[in-house]
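# Observations on the model geometry
Okay, here's what each chain looks like letter by letter:
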Amino acid sequence: MGPNPKMKREFLDSTRSSPFPDEVLERVLSLLKSHKDRSAVSLVCKDWYNAESWSRTHVFIGNCYSVSPEIVARRFPIIKSVTLKGKPRFSDFNLVPENWGADVHPWLVVFATKYPFLEELRLKRMAVSDESLEFLAVNFPNFKVLSLLSCDGFSTDGLAAIATHCKSLTQLDIQENGIDDKSGGWLSCFPENFTSLEVLNFANLNTDVNFDALERLVSRCKSLKVLKVNKSISLEHLQRLLVCAPQLTELGTGSFTPELTTRQYAELESAFNQCKNLHTLSGLWEATALYLPVLYPVCSNLTFLNLSYTFLQSLELASLLRQCPRLRRLWVLDTVGDKGLEAVGSNCPLLEELRVFPADPFDEEIIHGVTEAGFVAVSYGCRRLHYVLYFCRQMTNAAVATIVQNCPDFTHFRLCIMNPGQPDYLTNEPMDEAFGAVVRTCTKLQRLSVSGLLTDLTFEYIGQYAKNLETLSVAFAGSSDRGMQCVLEGCPKLRKLEIRDCPFGNAALLSGLEKYESMRSLWMSACNVTMNGCRLLAREMPRLNVEVMKEDGSDDSQADKVYVYRSVAGPRRDAPPCVLTLSGL
């Protein structure tokens, strides 16, 4: 079901300014897959704008308050797929009030009227209720894909509604959500004749699931390619699931700890051996060296190994990586130590992405972890590395300079030295030259997270050299307003700027007056910004939404948390009392 073709033809005829054929325009536009490219094309002329409106079936909205659902529906009449992001990223660190907003329900109400043919909805950091999930399930008869990432407000009752009513569902992807996990009975709500599922991910749910219902579901969905279960699934249950679905390409296992008999171990190994297409492996909760060899039959084809829930030591990781010559993405905990990262450098020459997470970020007396030595070892062996997220407790300027010289193609460089304001631990100098080396050497850099003891010199380097930078995250850094000013003046492609616990004040905030309209958002918290500075920004830039989040008992003159973003919808109407929306009108 789609919009009326006659209506489309009449609209285009009434707005046409040249005889350029619709068929040619639509053919050209169909070749553009990037939402950025399509947005750019729509600015060429009125014909291209109209043709792009009528040919686009997917829309990406990076901030749910940058536009209203009504405006989206008027602009794009035949949307079948929507990606919608809500709360600022710092909500992941509990810096955004729980009731801040980003409710998906108003969007669904408009979509039910304008897009009854909607097939896909991907939400990130949105507030999603069970009522919204039930509304979604009953109002979109052709609905196929639901992805919820870092959303909250719903329970397994909402998932039961999706399972019950979405007869054509192909993807149900539930990741890292704040969900009220009532029971695992929702899996039994899929009808017995339901067979269309291709992706099922419920890895972050905590309760036991109805395994018999899960096994029947997996057995009859012959097109299932992605299955990620939670840690309630035992190794014995995993073996039964693999026998049902040897066609899987991505697998998230359950717990890897229950003891197996010799026969059960052999059956599990045989089941893995039948999974010839598997290229992504995750889960592995509480895996030990005893059971890791059962994975060896599939390791030779793996391109992504997510061990971020697995407390492996260096020798265990090394044994596993020797079986994974094609690995391109690797996520690990810092329990692997520098020795484990040396094994990464020795065994993963094709690696492009590395993420090293802290096993316990709040334990200051921790004795394990990774240092600059492990990072340097990876850089020598993995010259294709272009994405890194690295949590560590010490770093040096010289090490970072060596790393980027070995791997100059970084597009994402996110270094988190976990002790705020820590200098180069060998020289006691600021870490300015480290990040200077990053932005000078890595000319393709798009995302940068800085940490450690940093002066304004770091930000001078960023403004001077980071000409392709789109996202910058800063914490506990800088000397004065000059640092933030350098970034706003010097980074032409900057879209997101995230700042916390820095000495930047009103002069820094107001230096971006012209910049903010080309950016998606600015976040500042625990800085030196005042309410008067925010009011002046709102008055000078009326097309921006300037929101201040106030905490109980805070100084009325200070702006505790400031969130600035451009919007064509004007100030939002659902802000809670703790969020002050400043208007320049």
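The following refers to the structure shown. (Residues numbered from 1 in each chain as written. Predicted model: local features only at pLDDT ≥ 70, side-chain atom pairs only at ≥ 80, totals over all residues. Heavy atoms only, no water.)

### Section: helix α19 (residues 481–490)
Let me state the cut-off plainly: Buried, partly exposed and exposed residues are distinguished by accessible area as a fraction of the type maximum, computed with a 1.4 Å probe on protein chains only: under 20%, between the cut-offs, and over 50%, respectively. Counting from the N terminus, the helices are DSSP H or I runs at least four residues long and the strands are E runs at least two residues long. The contact definition used throughout considers only heavy atoms, calling two residues in contact when any of these lie within 4.5 Å.
The buried fraction of α19 amounts to seven of the 10 residues, a majority that puts the element mostly inside the structure. Every buried residue of α19 is listed here: Gly483, Met484, Gln485, Cys486, Val487, Leu488 and Gly490. Where α19 is buried, its residues touch α18 (456–465), β18 (471–475), β19 (496–500), α20 (506–510) and β20 (521–525).

### Some points on the nonpolar core
Test applied: Each nonpolar core is a collection of buried residues, namely Ala, Val, Leu, Ile, Met, Phe, Trp, Tyr and Cys, held together in the definition by side-chain atoms within 4.5 Å.
One finds Leu200, Leu214, Phe413, Leu448 and Ile462 to be the most contacted residues of the largest nonpolar core, which totals 178 residues. When near neighbours in sequence (up to four residues on either side) are disregarded, Ile462 contacts Val439, Leu448, Val450, Leu469, Leu472, Val487 and Cys491.

### Notes on the pairing of strand β2 (residues 81–85)
Counted only if it meets this: For two strands to be treated as a pair, DSSP must find at least two bridges joining them. Consider the strands pointing away from the viewer: the crossover is right-handed when the path from the first strand over the helix to the second runs clockwise.
In terms of burial, β2 is largely enclosed, as four of its five residues are buried. As paired strands, strand β1 (residues 58–61) and β2 are joined by four bridges and run parallel to one another. Within β2, the residue paired with Val59 across the bridge is Val82. The handedness of the β1 to β2 crossover, carried by helix α5 (residues 69–75), is right-handed. Where β2 and strand β3 (residues 120–124) come together, five bridges link them in parallel fashion. Across the sheet, residue Leu84 finds its bridge partner in β3, namely Leu123. For the crossover that starts at β2, traverses helix α6 (residues 105–114) and ends in the parallel β3, the hand is right-handed.

### Let's talk about the pattern of salt bridges
Selection rule: The term salt bridge refers to a side-chain nitrogen of Lys or Arg lying within 4 Å of a carboxyl oxygen of Asp or Glu.
Counted under the stated rule, the structure contains 21 salt bridges. Across the pair Glu250 and Lys228 runs a salt bridge whose closest N-O atoms are separated by 3.6 Å. With Glu250 in strand β10 (residues 250–252) and Lys228 in strand β9 (residues 226–228), this pair connects stretches of sequence that are 22 residues apart. When the shortest N-O distance is used, the salt bridge between Lys444 and Asp409 registers 3.6 Å. Of this pair, Lys444 sits in the loop between α17 (432–441) and β17 (447–449) while Asp409 sits in the loop between α16 (397–406) and β16 (412–417), and the two are 35 residues apart along the sequence. Taking relative accessible area as the criterion, Lys444 reaches 47% and is therefore assigned partly exposed. Owing to a relative accessible area of 36%, Asp409 belongs among the partly exposed residues under this scheme. If you follow the salt bridges from partner to partner, you end up with Glu192, Arg216 and Arg220 in one network.

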